Each structure stands twice: as C-alpha cells, then as structure tokens.
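# A closer look at the structure
Chain by chain, the residues:
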Amino acid sequence: MQHWVLTLNCDDRSGIVHAVTAAIVAAAGNIAELQQFSSTDTGRFFLRLEVDSPVTRGALLAELNPVAERFGADITLDVAGRPLRTLVLASKAEHCVNDLLFRQRAGHLPIEVPLVMANHPTLAPLAEFYKVPFEHLAVTNQDEKAAFERRVLEVVDEHDIELVVLARYMQILSPELCEALEGRAINIHHSFLPGFKGANPYRQAHARGVKLVGATAHFVTTDLDEGPIIEQNVRRVDHADSVAELQSMGQDEESRTLTQAVKWFAEHRILLDGQRTIVFR
Ligand SMILES: Nc1nc2c(c(=O)[nH]1)N[C@@H](CN(C=O)c1ccc(C(=O)N[C@@H](CCC(=O)O)C(=O)O)cc1)CN2
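Let me sum up the structure you'll find in this document. (Residues numbered from 1 in each chain as written. Predicted model: local features only at pLDDT ≥ 70, side-chain atom pairs only at ≥ 80, totals over all residues. Heavy atoms only, no water.)

Next up on the list: the site of the ligand. Taken together, 20 residues sit near the ligand, with Gln171, Leu173, His189, Thr221 and Asp225 positioned nearest. A distance of 2.9 Å is found between an oxygen atom of the ligand and a backbone nitrogen or oxygen belonging to Ile172. When the free accessible area of the ligand is taken as 700 Å², the share hidden by the protein chains comes to 76%. For the shell around the ligand, the element with the highest residue contribution is strand S9 (residues 185-189), accounting for 3 residues. Of the residues contributing to the shell around the ligand, the split by class is 10 nonpolar, 8 polar and 2 charged. (Near = heavy atom within 4 Å. Polar contact = N/O pair within 3.5 Å; in protein donor to acceptor, adjacent residues only side chain to side chain. Areas by Shrake-Rupley, 256 points an atom, 1.4 Å probe, with all protein chains shown as cover. Helix = DSSP H or I, 4+ residues; strand = E, 2+ residues; numbered from the N terminus. Nonpolar A, V, L, I, M, F, W, Y, C, P; charged D, E, K, R; others polar.)

Take the environment of Ile278 next. Looking at the element boundaries, Ile278 is found in strand S13 (residues 276-279). A relative accessible area of 7% means that Ile278 is categorised as buried. Ile278 sits 242 residues away from Gln36 along the chain, and the two C-alpha atoms are 9.6 Å apart. Apart from residues lying up to four places away in sequence, Ile278 is in contact with Phe37, Phe46, Arg269, Ile270, Leu271 and Asp273. (Buried < 20%, exposed > 50% of the residue type's maximum accessible area, 1.4 Å probe, protein only. Contact = heavy atoms within 4.5 Å.)

What the 7 strands build is an open sheet, ordered S7-S6-S5-S8-S9-S10-S11; its pairing is mixed. Each of the sheet's edge strands pairs with one partner strand only, and the pair in question is strand S7 (134-136) and strand S11 (229-236). On average, each strand axis in the sheet is tilted by 20° relative to the strand beside it, whichever way the strands run. Set on the sheet, helix H3 (residues 95-105) makes contact with strand S5 (84-90), strand S6 (111-118), strand S8 (163-166) and S9; between it and S6 the angle comes to about 155°. (Pairing = 2+ DSSP bridges. Axes fitted to C-alpha atoms, helices over the stretch in contact; angles between N-to-C directions.)

Encoded structure:
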C-alpha cells in the first residue's frame, strides 16, 4: 500500500470531484484527506488529496490522466513524505539556513539539501556542521552575478532540484533566472509585505515607528518582493526597540516563516492562483 499526494487545478465546473474520486476508486484507492477550493477571482478549482492505494504509480495515473484530459486539469502525483530536492541560496545571515538544516536533520522538514550556495564564505562552517556541501561564489559585479546564476542552473540540472530557497540571499535574481525557476523559488523577505520592500526593511520600519515587525515568504518573481505570498508572521514591538532589536526579533519570525513555507511546498500544499496562493494547510 502506497500513500500518495495528488493535486489538481483546472477551470471550475461541475463534476470534477466526482470524476477524480471515481478514478481513485477504480484504482482501489482510499481517500485519507481531501481539500478543495473554488476561486471566484479566477474561476479556477483546486484540489489536494491524500490517497492510499495498492496499485503502481502508472496504474493510478492510467485512471487519473483521462480525468485530467477531460477537464483540462494540471495534476501532480507524488509519494507522500518524499524529501524534496532543495537548493539553498544564502549570503551572510545564518538564522534561516540554520533553521532549515536543523529541522531537516531532525526529520521535521521533508527536504534533502545537496548543496548550499552563497555569495559570501561566511556560512561555510554552518554547512560543515550539518555535513552539507557548500559553494561560495563571490558576486561583486555583473559578470560574477551572471556566473553565480549559471552555476545555480547547473546545480538545478545536475541534482534535479525541485525547489530553490533564498534563505536571506541578498542578490536580485535576473528575469531569466526568475523565469527558469518560476513557481519553484521561495524567498524570505524580512518585513510584513507589502510594507518595506527591498533592502533594509528594519531600518525603514524603525523610521516609520511600527508596532509590528514581520516576515513574508513568497515566490520569487522578476518584480522584487512582489511574488505570490505563501506565509507571513508578525510580532509586537514598540518605540523603545532599536533597529538592531527589531532585526533580532524579526529574525525569529523570518526563520519560522521560511521553514513553514518550505514544509508546505514540500508537502504539495501550495497551489498558485494568479498572483495569490492557495495553501491547503
Ligand atoms: N528577482 C528577485 N530577486 C530577489 C527577490 C525577488 O523577489 N525577486 N527577493 C530578494 C530578497 N530581498 C529582500 O528580501 C532583497 C535582496 C537584495 C536586494 C538588493 O538590493 N540587492 C543588491 C545587492 C546587495 C548586496 O550586494 O549586498 C542587488 O542585487 O543589486 C533587495 C532585496 C532576493 N532576490
């Protein structure tokens, strides 16, 4: 018996759930969990199921593919809990990388990390502690930025990477790389977007006298910090907190927000609905 995760999205219409569940019954499957959403914004329908079935992947798809064709649906089918091949990009900040690798090693985050790539050497000891290979490629000019991005695409190809995580990677990705990684690159922004986009959000927040600081995990797009939001968290601050204190408190939110977003992505709980995400938590 195999435990599968199935996702489906298509234009909304009557009969979708009936057809999908009939296909699962035809594959001797039992539905352990079913979540659905109809988006009135876009007219799209979203489905996530967890299914136990004794048949092979091919036999299950033989029942599901005709349904996908009938409804013009995009479907994904994966073994539940399979670790997602994940490339981590970083700069100097270690808190997000540490949280990802700690929770992966503890068995709480279903990813496997073949490599951490950074534009600074700072995190080499951290990667070594977790026994994760580390590559440092400096990015001090446009040529080096292009070389870094070429290496990212090489690694994505060589390791069949399914997700690229920008764990406080402080370089703006080119439109070409954003296109290549569309829908599978997640960034953690150190503010409660849409507030304080770009660099130095804590300095911007302190100057504005905010009473909350936060973090936002979002998909990476060419438009800086404008990608579909996946998860956000905030915490209360006050007038007595310095920029450094805001940053320190915010980092806890950054780490837990990014790790939560990566976990949901690895569990196939996030579906894109235009500029918004559907998260079947
Ligand atoms: N194409 C995109 N690239 C990146 C995104 C994004 O949404 N789309 N998110 C950023 C993360 N980020 C804030 O969270 C951010 C990082 C870096 C900068 C920036 O101005 N970087 C400068 C260089 C800074 C340095 O060398 O230290 C630059 O790239 O010219 C702004 C926002 C990650 N990338």
